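# Summary of the model geometry
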Amino acid sequence: MEKNVVLRLLLTAAAVMFLTLPGMARADAAVFSSRGGVAIGGYDAVAFFEDGTAEQGRRSHAVMWKGAVWRFSSARNQARFEANPRAYAPAFGGYCAYAMSQGMLMDGNPQLWAIVDGELFLLNNAKVQKIWTASQAEMIVLARGHWPVILRK
């Protein structure tokens, strides 16, 4: 019995060391832009897809996911998110997709957004939105080249 405890402790220590090595990219280690710990400014991530609107979430419909609080306008939207959060969470952690394409981190504005190929992208301002929209496919490719490495800078 004592051997099992020691073995478990050694395996746990090895796993912790491996997962915390500098430069180790983990697919499950997504980081989301949040102000005051609330993702995408408190907007309902599901509403962008289901209603086509930027709708403010409520405190009464909230979940903790990936280190941030996600709010929803209804229990139905909350349940949809909980069933598959990756389907609704914005690309690039909710940071501005255009800024990411330029190798910069800027907060995304949930009132300036686009859904491209089933993925939510937030932008920072109207000028950037116009530039990004004109060549979004190219911008997405450039942004993917910077994400998530940019978080380590």
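## Some remarks on the environment of Leu-142
As for its placement among the helices and strands, Leu-142 is situated in helix α7 (residues 136-146). Owing to a relative accessible area of 36%, Leu-142 belongs among the partly exposed residues under this scheme. Along the primary structure Leu-142 and Tyr-98 are separated by 44 residues, whereas in three dimensions their C-alpha atoms are 9.0 Å apart. Excluding anything up to four places from it in sequence, Leu-142 contacts Met-100 and Ser-101.

## As for the packing of helix α6 (residues 126-134) against α7
For the pair α6 and α7, interaxial distance at closest approach is 5 Å and the crossing angle is 100°. In this view, α6 runs roughly perpendicular relative to α7, as classed from their interaxial angle. Between α6, through Ile-131, Trp-132, Thr-133 and Ala-134, and α7, the contact on the second element is made entirely by Gln-136, Met-139 and Ile-140. The residue makeup of the contact of α6 with α7, split by class, is 5 nonpolar, 2 polar and no charged.

Quick notes on the rules
- Residues numbered from 1 in each chain as written.
- Predicted model: local features only at pLDDT ≥ 70, side-chain atom pairs only at ≥ 80, totals over all residues.
- Heavy atoms only, no water.
- Helix = DSSP H or I, 4+ residues; strand = E, 2+ residues; numbered from the N terminus.
- Buried < 20%, exposed > 50% of the residue type's maximum accessible area, 1.4 Å probe, protein only.
- Contact = heavy atoms within 4.5 Å.
- Axes fitted to C-alpha atoms, helices over the stretch in contact; angles between N-to-C directions.
- Parallel < 35°, antiparallel > 145°, perpendicular 65-115°, else oblique.
- Nonpolar A, V, L, I, M, F, W, Y, C, P; charged D, E, K, R; others polar.

Without other data, these values stay purely geometric and don't point to any function.
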